[in-house]
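# Coordinates in review
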Amino acid sequence: MKRNIIFVILILSAVCLSAQTIENKILNLNKAQTTYTASFTEKIVMPKMKKETVKRGTMYYSSPESLLMLYSDPEGDYSLIKDGKFIAARKGHVQNFPMNEKNKSQMYILRETLLGSMSGDLQRVAKENEADIQCEEKAGRYICTLTKQQAKAVGVNRLELQYDSKTGALLSLCLIQHNGNYTLYETTDIRQNQKIDDKVWNLE
């Protein structure tokens, strides 16, 4: 009996160590990343309603706190995170969301989730989402699942992130809600450490 307990403890320790090692690898790979540009798709899926919406555009990230998702379809829409702000434009309507660390709104958590995901800081993502982390390496990717410690009826309860195991680049991010609805971001044509024109950030 005692041997069985020790065996289980050793297995659990090995799993935790493996996950921690992958976390560190992702974080360290991204520390060498100053900029990130990629084409992306944003897919919003509501399985129960059999409804799916797909948007496309270009994503720009400048370490550590600037992210722009500039949509080409629908053209003119964007989401901008910069200088502590979160600004979104949808169908010509621009909204500046208040970012208050003490009173964490869903948009504040989304901002922290996006920036943490882009920088490979899974602990940051887990902290804001009150989630546990599990990671594995498979087919040249680091696949990490973050599950909320206490499931809630509203908001994101699980996140799935995939990174390139060689470069640390974020390949996909899936935000899954309690009711099964999810938003999936996937990237292609990734370019790292290339200068981003300052004009990109000026959307006014």
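For the structure, check the block above.
Nothing here was measured: the structure is a model prediction, and the numbers come from that model. (Residues numbered from 1 in each chain as written. Predicted model: local features only at pLDDT ≥ 70, side-chain atom pairs only at ≥ 80, totals over all residues. Heavy atoms only, no water.)

Further remarks concern helix 2 (residues 106-118). Helix length check: helix 2, at 13 residues, gives a terminal C-alpha distance of 18 Å against a target of 18 Å (1.5 Å per residue), a fit within 8%. Taking burial as the measure, the 13 residues of helix 2 include 10 buried ones, the bulk of the element. Residue Gly 120 follows helix 2 closely and has a positive phi angle near 75°. (Helix = DSSP H or I, 4+ residues; strand = E, 2+ residues; numbered from the N terminus. Expected span 1.5 Å × (residues − 1). Buried < 20%, exposed > 50% of the residue type's maximum accessible area, 1.4 Å probe, protein only.)

Here the focus is the side chain of Thr 113. Looking at the element boundaries, Thr 113 is found in helix 2. A relative accessible area of 2% means that Thr 113 is categorised as buried. Within the structure, Thr 113 has its side chain in polar contact with the backbone oxygen of Ile 109 (distance 2.8 Å). Apart from residues no more than four positions distant in its own chain, Thr 113 is found in contact with Val 125, Asn 129, Leu 159 and Leu 175. (Polar contact = N/O pair within 3.5 Å; in protein donor to acceptor, adjacent residues only side chain to side chain. Contact = heavy atoms within 4.5 Å.)

Time to look at the nonpolar core. With 34 residues, the main nonpolar core has Tyr 36, Leu 67, Leu 122, Leu 146 and Leu 161 as its most contacted residues. For Leu 122, the residues in contact, after removing those within four places along its chain, are Glu 23, Ile 26, Ile 133, Cys 135, Cys 144, Leu 146, Leu 161 and Tyr 163. Core analysis: the second largest hydrophobic core is formed by nine residues, Tyr 60, Leu 80, Ala 89 and Val 200 among them. (Core = buried A, V, L, I, M, F, W, Y, C linked by side-chain atoms within 4.5 Å.)

Bringing the side chain of Arg 124 into the picture now. Within the fold, Arg 124 resides in helix 3 (residues 122-129). Ignoring any residue separated from it by four or fewer positions in sequence, one finds Arg 124 in contact with Glu 65, Glu 112, Leu 115 and Gly 116.

Right, let's talk about the pairing of strand 3 (residues 66-73) for a bit. Bridge count between strand 2 (residues 51-62) and strand 3: seven bridges; the pairing is antiparallel. By the bridge assignment for strand 3, Met 59 is matched with Met 69. Hairpin remark: strand 2 followed by strand 3, antiparallel, with three residues in the connecting loop. As paired strands, strand 3 and strand 4 (residues 75-82) are joined by five bridges and run antiparallel to one another. Bridge pairing in strand 4 links Leu 68 to Leu 80. In sequence, strand 3 turns back onto strand 4 through a hairpin of one residue. (Pairing = 2+ DSSP bridges.)

Remember that the coordinates give geometry; whether it matters functionally is a separate question.
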